[in-house]
Amino acid sequence: MALRADARRNREQIIAAARTLFSEVGVDVPMEEVARAAGVGVGTLYRRFSDRDELIKAVGLDNVTLLVDLAHQAERSEADPAAALIRLLRTTLELRLDITVMALSPRAFQAIQESHAIAQQRDEVIAAARRLLRRAQQAGTIRPDIDVGDMMLALFLLSRLVMPAADELGEMAFQRLFTLVVDGLRATSGSPLPGRPFDQHDLEVLRQGGMRVIDKPTVTGQG
């Protein structure tokens, strides 16, 4: 049964607020804060999502569904398959939650893993990425000795690098690292790196500013 317009709007607002708060604070953020950020009452939130795990799954599914749409759009509209592939990789990283929410807490990891809908949509994204990769390889613009698994591994490693929010040096570091990874995919490299070369002092500033690597959690039994 389709949701009424106001119910659908509330659901979308809750998912958008949860996406931001999960990314900035973590998946254990109080549900009251999610409701407040969404501009709805707590009762409305729980009518849409019976518990936190349902909300985690909804956010993950919303992200990966958007990626499916973007991947199909890139396949249809982008004449350069390498450019389309790189744009898809960048968008995936910008929507980091679908990847990194699994690393935020054991509870989130398990909730995402249990969602068949997310798994199906993720498979569609990977299939689209594989098709773009094959086309780019046939065009001679992406190196021939990689497969989609190599790209997914690179994305996973990149997504584990958490930069300080609203930090210019951190953003520069991320953009330089992404460009280095992309150049590693190309048949011939040559993209200029954003910003300027980093020195030891910059790395120390980043470290003191809170750059860290999140370890993959170990999912334990239910508490």
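The name given to the protein in an unreviewed UniProt entry is TetR family transcriptional regulator, with Salinispora arenicola as the source organism.

Draft legend 1. Quick peek at the overall build of the protein. Looking only at helices and strands, the protein has 11 helices and two strands in total. Start at the N end of the protein and walk to the C end: the helices and strands fall as α-α-α-α-α-α-α-α-α-β-α-α-β. Expressed as a percentage of its 223 residues, the buried residues of the protein come to 41%. For the protein, restricting intrachain contacts to residue pairs at least 6 apart in sequence, the fraction spanning at least 24 positions comes to 66%. When the accessible surface of the protein is totalled, it reaches about 12,300 Å², and 52% of it is carbon and sulfur.

Draft legend 2. View of the nonpolar core. One finds Ile 14, Phe 22, Val 34, Leu 55, Ile 142, Met 151 and Phe 178 to be the most contacted residues of the largest nonpolar core, which totals 51 residues. Contributing elements (two or more residues each) for this core: α1 (5-24), α2 (31-38), α4 (52-77), α5 (81-94), α7 (106-113), α8 (116-139), α9 (148-159) and α10 (168-185). With nine residues, α4 is the single largest residue contributor to this core. The two domains that each donate at least three residues to this core are domain 1 (1-50) and domain 2 (56-212). Once you skip the residues sitting within four places of it in the chain, Ile 14 turns out to touch Val 34, Ala 38, Val 40, Thr 44, Leu 45, Arg 48, Phe 49 and Leu 55.

Draft legend 3. Representation of α10. Taking 1.5 Å as the rise per residue, α10 with 18 residues should run 26 Å; its terminal C-alpha atoms sit 26 Å apart, in good agreement. Inspection of α10 places Leu 169, Gly 170, Met 172, Ala 173, Phe 174, Gln 175, Arg 176, Phe 178, Thr 179, Val 182, Asp 183 and Leu 185 among the buried residues, and these make up the whole buried set.

Draft legend 4. Representation of α2 in the model. Listed in full, the buried residues belonging to α2 are Met 31, Val 34, Ala 35 and Ala 38. Buried residues along α2 cover an arc of 95° about the axis, so they all sit on one side. Relative to its buried face, α2 has exposed residues pointing more than 90 degrees away, namely Arg 36 and Ala 37. The inward-facing, buried residues of α2 abut α1, α3 (42-48) and α4.

Draft legend 5. Spatial organisation of the environment of Val 29. Looking at the element boundaries, Val 29 is found in the loop between α1 and α2. With relative accessibility at 2%, the residue Val 29 sits in the buried group. Contacts of Val 29, omitting those with residues within four sequence positions, involve Leu 21, Phe 22, Val 34 and Arg 52.

Draft legend 6. View of the pattern of salt bridges. Using the criterion set out here, one finds five salt bridges in the structure. Note that Asp 147 and Arg 134 form a salt bridge whose closest N and O atoms lie 3.0 Å from each other. Residue Asp 147 is found in the loop between α8 and α9, and its partner Arg 134 is found in helix α8; the two are separated by 13 residues along the sequence. A residue is classified by how much of its surface remains accessible, and Arg 134, at 32% relative accessible area, is partly exposed.

Draft legend 7. Highlighting the UniProt feature "DNA-binding region" (unreviewed entry) in the protein. When the UniProt feature table is mapped onto this chain, "DNA-binding region" (unreviewed entry) is found at residues 30-49. Summarising residues 30-49: 75% helix, 0% strand, and an end-to-end C-alpha distance of 14 Å.

Draft legend 8. Region of interest: the packing of α9 against α10. Here α9 crosses α10 at 170°, and the two axes come no closer than 11 Å. Between α9 and α10, the interaxial angle falls into the category roughly antiparallel. Within the contact between the two elements, α9 uses Met 151, Ala 154 and Leu 158 and α10 uses Phe 174, Leu 177, Phe 178, Val 181 and Leu 185. Its residues placed into classes, the contact of α9 with α10 shows eight nonpolar, no polar and no charged.

Draft legend 9. Expanded view of the confidence of the model for the protein. Averaged over all residues, the pLDDT of the protein equals 79, while 77% of them reach at least 70. Per-element confidence in the protein ranges from a low mean pLDDT of 43 for strand β2 (residues 212-213) to a high of 96 for α2. Note on residues 211-223: pLDDT under 50 across the span, and 28 contacts to partners over four residues away in sequence or across chains.

Draft legend 10. Quick look at the packing of α4 against α5. Where α4 meets α5, the closest approach of the two axes is 10 Å, and the angle between their N-to-C directions is 165°. As far as their axial angle goes, α5 and α4 are roughly antiparallel. In this structure, α4 meets α5 at a crossing whose hand is right-handed. The segment α4 lies against α5, with Leu 67, Leu 70, Ala 71, Ala 74 and Ser 77 engaging Ala 84, Arg 87, Leu 88, Thr 91 and Thr 92. Tallied by class, residues from the contact of α4 with α5 come to six nonpolar, three polar and one charged.

Cut-off values and rules
Residues numbered from 1 in each chain as written. Predicted model: local features only at pLDDT ≥ 70, side-chain atom pairs only at ≥ 80, totals over all residues. Heavy atoms only, no water. Helix = DSSP H or I, 4+ residues; strand = E, 2+ residues; numbered from the N terminus. Buried < 20%, exposed > 50% of the residue type's maximum accessible area, 1.4 Å probe, protein only. Contact = heavy atoms within 4.5 Å. Areas by Shrake-Rupley, 256 points an atom, 1.4 Å probe, with all protein chains shown as cover. Core = buried A, V, L, I, M, F, W, Y, C linked by side-chain atoms within 4.5 Å. Domains from an automatic or database assignment. Expected span 1.5 Å × (residues − 1). Arc of directions from axis to C-beta. Salt bridge = Lys/Arg side-chain N within 4 Å of Asp/Glu carboxyl O. UniProt positions renumbered as here; feature names shortened; annotations may be inferred. Axes fitted to C-alpha atoms, helices over the stretch in contact; angles between N-to-C directions. Parallel < 35°, antiparallel > 145°, perpendicular 65-115°, else oblique. Nonpolar A, V, L, I, M, F, W, Y, C, P; charged D, E, K, R; others polar. pLDDT = per-residue confidence, 0-100. Left-handed = near helix turned anticlockwise from the far one by under 90°.

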